[in-house]
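# Remarks on the overall topology
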Amino acid sequence: MAAITLIEAVNAAMAYELDNDPDVVLFGEDVGKNGGVFRATDGLQKKFGKERVIDTPLAESMIAGLAVGMAAQGMKPIAEMQFMGFIFPAVDQIFCHAARLRHRTRGRITQPLVIRAPYGGGIHAPEHHSESTEALFSHIPGLKVVIPSNPSRAYGLMLAAIRDPDPVIFLEPKRVYRIVKHEVEDNGEEYPLEACFVDREGSDITLISWGAMMHETLQAAEKLAAEGIDAEVIDVATVSPIDMDTILESVEKTGRACIIQEAPKSGSVGSEIAAEIAEKGILNLLAPIGRVSGYDTVMPYYRLEKQYMPTVDRILDEVRTIMEYK
Amino acid sequence: MTTTTVASFEIKYHQYLDANGKPTKDIPEFAKDMNIMRELYRDMYKLRVFDAKAYALQRTGKMGTYPASLGQEAIGIGYGDVMTQEDVLIPYYRSTGGLLKHGVTMEEILLYWGGDEAGSNYSVAKEDFPICVPIANQIIHASGVAKAIQMRKQKRAVVTEIGEGGTSEGDFYEGINVAGVWNLGVVFFINNNQWAISVPTDIQTACETYAQKAIAAGVEGIQVDGNDIVAVREVSNYALEKARNGGGPTVIEAITYRLCDHTTADDASRYDDPKVKEEAWKNEPMIRLRKYLEDNKAWSDKDEEEMKEKTAKEVDAAVKAYEAAPKPTPELMFDHLYAELPEMTKPQREAAIKRGAK
């Protein structure tokens, strides 16, 4: 067992499944010899050959459309979008075909594919490299949207995504690709999709987050503990479909909820969680639901990136407001 | 300035029968087999009758929007005739001929256009894609299917089809480009019926031919008289054999004329020139094949009558089956969304069932 980063965990899970299942095939731009621009596929072409780890021409719709065609033949493609900001040409293929083929054919043709993309801000990247657009994909029936927050979760969720019989959009929070290491056993054990993870138990407030923001959220929870506020922290992990049972149970216990996300506030995954809590758990609430998010604005160039992203301080301010509500 | 030509290309045009059914050059062997030729004629006729029936169903409120293939029957029937069951068809909305030839039933096609997903759950052509409505997406699917076939070292061809207007889409180029660079076994048919709804070809491209778009992808491009079933079948056979045997992709532009509206929701008289259309009718594919059969003493008025009677029965039976098909129940909106319906969505399914088919 070795301590590995989130990106190494993604690599290890893909390697495990390439080894385990001859139908798994990995492709995208620069994923071969170069090992991906972030090195997520480092060494995989050398290990599994050019037949199974394939550099494609530079065209995102084509990458997604190839995955659709290959999955229809029963293969299990893992297709990489180099950055989520470049996924939009592929949206046509993902929304109109990957998400719908099972439904359109009454189950005759299925889409066991994974589309991976690094996403989110915080690495001083150029324009179009830092957005968090998970809500766009979460809105589309037929897709699953999975976001790991740490190395062990990246390993287990990636394995589950590859093995899942339906299309999974797997978004990798690139800001935390290398910030922590976990001891991850490379044993092929998957984590469940459509399941939240309770990362810290508490009784006063439920903090709900996913992806890179889990790190700020957990830090905030520790600071709150010092102030005598006992926060429960939930990693949503699969942001569509959402395991609302875990969230509602927690809110029933704590009576307070705060959702923390990097994406813009309106029409977001956070909006959906807040609406579900309001719809099904409003009578358990002791205070209005709080939200800490990116602003409803264009993701700024990186000189203003820090001002855009939710911080530990912003989380603390929001939680204190919720706790003070009478 | 002295220059060197570093690349050049030419596009070959294929025609065997002229508009009067007279051979323009030595005809291929299969076209001397009158059993094959009679069957092709009957298939084209069946498609035409089916189209007319579908139109009537739409006009009488018994079916939704439908795109006919009038005048373009030789394309789907031509390539469909050389497809085996192992080959895969990735159709678009005007691939009715190809679908019928590949075993998709008339009832299934009616159900599809009649608004029921059951129509895409093909009983015979299990690996064929459902009809692709968004323009050109299917071109890439064909390459993806062909990549899987190539990786598994199978000898199967993939056939897809697109209108000439669709070749302006990025997906068309992306799909043929990757087929070229990976040497995939795909046959890309372009139905150049002169119209993308109301937009004529001279507004669509500055290329002299649509076939030459293949050249930019390093793919062989062929032009064929799309109203000459002998030529369509012959180039299809060449391209499919090539695809099955590792020879790579082919783009085939079939030149024809859309004698019908774009769909039942369109009125081509708003933009089509009646004189041009009148001329196009002289060129349509069935007249020349009948003349060819008659010239070869392989078709009589009696044959024609028998065909009409048999086809009417067959199409009527399909319409009856379509009309008798059970109405889909509300849970079908949910039951094939995922392998397993998410917990979050289950209450919606229950609610829809409870409301029932009101």
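Residues numbered from 1 in each chain as written. Chains lettered and ligands numbered in written order. Predicted model: local features only at pLDDT ≥ 70, side-chain atom pairs only at ≥ 80, totals over all residues.

## Quick look at the overall build of chain A
Quick reminder of the rule: Helix and strand definitions follow DSSP, with helices as H or I runs of at least four residues and strands as E runs of at least two, each counted in order from the N terminus. Just to be clear, the radius of gyration here is over C-alpha atoms, and the globule rule we use is 2.2 Å times residues to the power 0.38. The burial criterion counts other C-beta atoms lying within 10 Å of a residue's C-beta, which is placed from the backbone; the residue is buried at 20 or more, exposed at 12 or fewer, and partly exposed between these limits. Residues are scored as being in contact if the C-beta atoms we place from backbone atoms lie within 7 Å.
On a plain count of helices and strands, chain A comes out with 12 helices and 14 strands. Here the C-alpha radius of gyration of chain A, 19 Å, is about what a compact globule of 326 residues would show, namely 20 Å. Structurally, chain A occupies a C-alpha span of about 60 × 40 × 40 Å along its principal axes. A total of 326 residues make up chain A; the buried ones form 58% of that total. Put simply, of all contacts in chain A between residues at least 6 apart along the chain, 80% involve residues at least 24 apart.

## A few points about the overall build of chain B
The number of helices and strands found in chain B is 13 helices and eight strands. Its C-alpha atoms give chain B a radius of gyration of 21 Å, near enough to 21 Å, the size a compact globule of 358 residues would have. Considered along the principal axes of its C-alpha atoms, chain B spans approximately 75 × 60 × 45 Å. Counting all 358 residues of chain B, 48% fall into the buried class. Taking the intrachain contacts of chain B between residues at least 6 apart in sequence as the baseline, contacts between residues at least 24 apart amount to 74%.

## Structural notes on unusual backbone geometry
Residue and element names in this part refer to chain A. Pro 241 follows Ser 240 through a cis peptide bond whose omega is -15 degrees. Among the secondary structure elements, Pro 241 is positioned in the loop between β12 (238-240) and α9 (244-254). A positive phi is found at Asp 30, a non-glycine position, where the angle reads about 65 degrees. Assignment of secondary structure puts Asp 30 in the loop between β2 (24-28) and α2 (44-48).

## Thoughts on the UniProt feature "domain: Dehydrogenase E1 component" (unreviewed entry) in chain B
The criterion, for reference: UniProt positions are given in the numbering used here, feature names are shortened, and annotations may be inferred rather than shown by experiment.
Feature annotation in UniProt assigns "domain: Dehydrogenase E1 component" (unreviewed entry) to the following positions: residues 42-331 of chain B. The span residues 42-331 of chain B carries 46% helix and 11% strand; its end-to-end C-alpha distance comes to 41 Å.

## Concerning the domain arrangement of chain A
Residue and element names in this part refer to chain A. Selection criterion: Throughout the structure description, domain borders are defined by an automatic or database domain assignment. The residue classification treats Ala, Val, Leu, Ile, Met, Phe, Trp, Tyr, Cys and Pro as nonpolar and Asp, Glu, Lys and Arg as charged. All others, Gly included, are polar.
Taken domain by domain, chain A comprises domain 1 (2-184) and domain 2 (197-324). Once you take the C-alpha centre of each, domain 1 and domain 2 turn out to be 26 Å apart. Counting residues at the interface gives 25 residues for domain 1 and 24 residues for domain 2. Listed by contribution, the elements that provide at least two residues to the side of domain 1 that touches domain 2 are α6 (134-138), β6 (144-146) and α7 (151-163). With four residues, α6 is the single largest residue contributor to the side of domain 1 that touches domain 2. Broken down by class, the residue content of the side of domain 1 that touches domain 2 amounts to 11 nonpolar, eight polar and six charged.

## Re the interface of chain B and chain A
Tallying the contact residues gives 35 residues for chain B and 37 residues for chain A. Only α5 (137-151) and α6 (170-181) of chain B provide two or more residues apiece to the side of chain B that touches chain A. Take the side of chain B that touches chain A: its biggest share by element is 11 residues, from α5 of chain B. Partitioning the side of chain B that touches chain A into residue classes produces 18 nonpolar, 11 polar and six charged.

## Structural notes on the sheet that holds strand β14 (residues 290-294) of chain A
Residues and elements named next belong to chain A. Short version of the rule: Strand pairing requires that DSSP identify at least two bridges connecting the strands. With axes taken as lines fitted to C-alpha atoms, and helix axes fitted only over the stretch in contact, angles between N-to-C directions fall between 0 and 180 degrees.
If you trace the five strands from one edge of the open sheet to the other, you get β9-β11-β10-β13-β14, paired in mixed fashion. Among the strands making up the open sheet, the edge pair consists of β9 (197-200) and β14. Direction aside, neighbouring strands of the sheet carry axes that sit 25 degrees apart on average. Bridge count for strand β10 (residues 205-209) against strand β13 (residues 257-264) is three bridges, and the pairing is parallel. If you follow Thr 206 over to β13, its bridge partner there is Ala 257. Along the sheet face, helix α10 (residues 269-281) touches β10, β13 and β14 and points at about 155 degrees away from the line of β13.

## A closer look at the UniProt feature "domain: Transketolase-like pyrimidine-binding" (unreviewed entry) in chain A
In the numbering adopted here, UniProt assigns the feature "domain: Transketolase-like pyrimidine-binding" (unreviewed entry) to residues 4-179 of chain A. This span, residues 4-179 of chain A, is 38% helix and 16% strand, and a straight line between its end C-alpha atoms measures 10 Å.

## Thoughts on helix α12 (residues 312-324) of chain A
All names here are of chain A. Rules: Multiplying 1.5 Å by the residue count of a helix minus one yields the expected span of that helix. Summarising the geometry, the arc corresponds to the directions from the helix axis toward the C-beta atoms.
The end-to-end C-alpha separation of α12 is 18 Å, in line with the 18 Å expected for 13 residues at 1.5 Å each. Restricting attention to buried positions, one finds in α12 the residues Ile 315, Glu 318, Val 319 and Ile 322. Down the axis, α12 shows its buried residues gathered within 100 degrees of arc, on one side only. In α12, the exposed positions that point more than 90 degrees away from the buried face belong to Asp 313 and Glu 324. Against β10, α8 (213-226), β13 and β14 lie the buried residues of α12.

## Some remarks on the nonpolar core
To keep things clear, this is the line we draw: Linking buried Ala, Val, Leu, Ile, Met, Phe, Trp, Tyr and Cys residues through C-beta atoms within 7 Å yields a set, and such a set is a nonpolar core.
The biggest cluster of nonpolar side chains holds 198 residues, and the ones touching the most others in it are Ile 63, Ala 67, Ile 115 and Met 158 of chain A together with Val 158, Val 187 and Ile 252 of chain B. Non-local contacts of Ala 67 of chain A, meaning those with residues more than four positions away in its chain, are made with Pro 77, Ala 79, Leu 113 and Ile 115 of chain A together with Gly 144 of chain B.

## Quick look at the confidence of the model for chain B
For clarity, the cut-off: Residue-level confidence of the predictor is what pLDDT reports, using numbers from 0 through 100.
When pLDDT is averaged along chain B, the result is 97, and 99% of the positions lie at 70 or above. Scored as a complex, the prediction yields pTM 0.96 and ipTM 0.95.

## A closer look at the pairing of strand β5 (residues 114-119) of chain A
All names here are of chain A. With six of its six residues buried, β5 lies for the most part within the structure. With burial as the criterion, each face of β5 is covered, one bearing Val 114, Arg 116 and Pro 118 and the other bearing Ile 115, Ala 117 and Tyr 119. Across three bridges, strand β4 (residues 76-80) lies against β5 in parallel orientation. Across the sheet, Ile 78 pairs through a bridge with Val 114, a residue of β5.

## Notes on the packing of helix α3 (residues 60-72) of chain A against helix α4 (residues 88-98) of chain A
When two helices pack together, their arrangement is given by the angle between the helix axes and by the axis-to-axis distance. Residues and elements named next belong to chain A. Here is the rule we go by: An angle below 35 degrees is read as roughly parallel, one above 145 as roughly antiparallel, one from 65 to 115 as roughly perpendicular, and any other as oblique. Two helices crossing with the near one rotated counterclockwise from the far one by less than a right angle form a left-handed crossing, whereas a clockwise rotation gives a right-handed crossing.
Close contact between α3 and α4 brings their axes to 6 Å; oriented N to C, the two are set at 25 degrees. The orientation of α3 relative to α4 falls into the category roughly parallel. Regarding α3 and α4, the two cross each other, and that crossing is right-handed. Side by side, α3 and α4 meet where Glu 60, Ser 61, Ile 63, Ala 64, Gly 65 and Val 68 of the first sit next to Pro 89, Ala 90, Asp 92, Gln 93, Ile 94, His 97 and Ala 98 of the second. Tallied by class, residues from the contact of α3 with α4 come to seven nonpolar, four polar and two charged.

## Considering the environment of Leu 89 of chain B
Residue and element names in this part refer to chain B. As for its position among the elements, Leu 89 is in strand β2 (residues 88-90). Judged by C-beta crowding, with 28 C-beta atoms within 10 Å, Leu 89 ranks as buried. Sequence separation between Leu 89 and Val 186 is 97 residues, and the spatial gap between their C-alpha atoms is 9.8 Å. Residues in contact with Leu 89, not counting those within four places in the same chain, are Met 83, Gly 98, Leu 99, His 102, Ala 125, Asp 128 and Val 159.

## Some thoughts on the domain arrangement of chain B
You can read the domains of chain B as domain 1 (12-326) and domain 2 (329-358). The straight-line distance from the C-alpha centre of domain 1 of chain B to that of domain 2 of chain B is 37 Å.

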